[in-house]
Amino acid sequence: MTSTKTDWRESSACGSSDADDLFADSPRQKRAKLICMQCPVRTECLAEALDERIEFGVWGGMTERERRLLLRRRPNVVSWLSVLEEARDSLVSSRAG
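Residues numbered from 1 in each chain as written. Predicted model: local features only at pLDDT ≥ 70, side-chain atom pairs only at ≥ 80, totals over all residues. Heavy atoms only, no water.

Caption draft 1: Main features of the overall build of the protein chain. What the protein chain contains, in helices and strands, is 6 helices and 0 strands. Mapped in sequence order, the helices and strands of the protein chain form the string α-α-α-α-α-α. Considered along the principal axes of its C-alpha atoms, the protein chain spans approximately 35 × 35 × 30 Å. Classification of the 97 residues of the protein chain by burial places 29% in the buried group. Expressed as a percentage of contacts within the protein chain between residues at least 6 apart in sequence, the contacts between residues at least 24 apart total 53%. Of the roughly 6,800 Å² of accessible surface on the protein chain, 51% is carried by carbon and sulfur atoms. For the protein chain, the centre of its 16 positive side-chain charges and the centre of its 16 negative side-chain charges are spaced 8 Å apart. (Helix = DSSP H or I, 4+ residues; strand = E, 2+ residues; numbered from the N terminus. Buried < 20%, exposed > 50% of the residue type's maximum accessible area, 1.4 Å probe, protein only. Contact = heavy atoms within 4.5 Å. Areas by Shrake-Rupley, 256 points an atom, 1.4 Å probe, with all protein chains shown as cover. Lys, Arg positive; Asp, Glu negative; His and termini not counted. Charge placed at Lys NZ, Arg CZ, Asp CG, Glu CD.)

Quick look at the structure:
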């Protein structure tokens, strides 16, 4: 049986990218974030990075600095996946309505 982490990673837009693209210095992070914008598992990726407090790289379209800021603003979140899915669903609903 494969884990959920493996499942989402298999569908990621960055799966075939060079890892150096995702762990880029500041000027190149914009390019790395573009890879994330159309990724079908962006939410799962970002949730894992936030839950696991991953310090380096672009994950789910956010840089390490952006993730640190979000974590400081919302220190009581235990599991980010449900928070991010709820926000995504709310955004989709507002666009459809």
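From this point, the discussion proceeds with the structure in view.
Caption draft 2: Examining the pattern of salt bridges more closely. Under the definition given, this model contains 3 salt bridges. Glu-48 is paired through a salt bridge with Arg-9; the nearest N and O atoms lie 2.5 Å apart. In this pair, Glu-48 sits in helix H4 (residues 42-51) while Arg-9 sits in helix H1 (residues 4-10), placing the two residues 39 residues apart along the sequence. Accessibility expressed as a relative area gives 37% for Arg-9, which makes it partly exposed. Residues Arg-88 and Asp-89 are paired through a salt bridge, measuring 3.7 Å at the closest nitrogen-oxygen approach. By relative accessible area, which is 34% here, Arg-88 ends up partly exposed. Using a relative accessible area of 43% as the deciding quantity, one classes Asp-89 as partly exposed. (Salt bridge = Lys/Arg side-chain N within 4 Å of Asp/Glu carboxyl O.)

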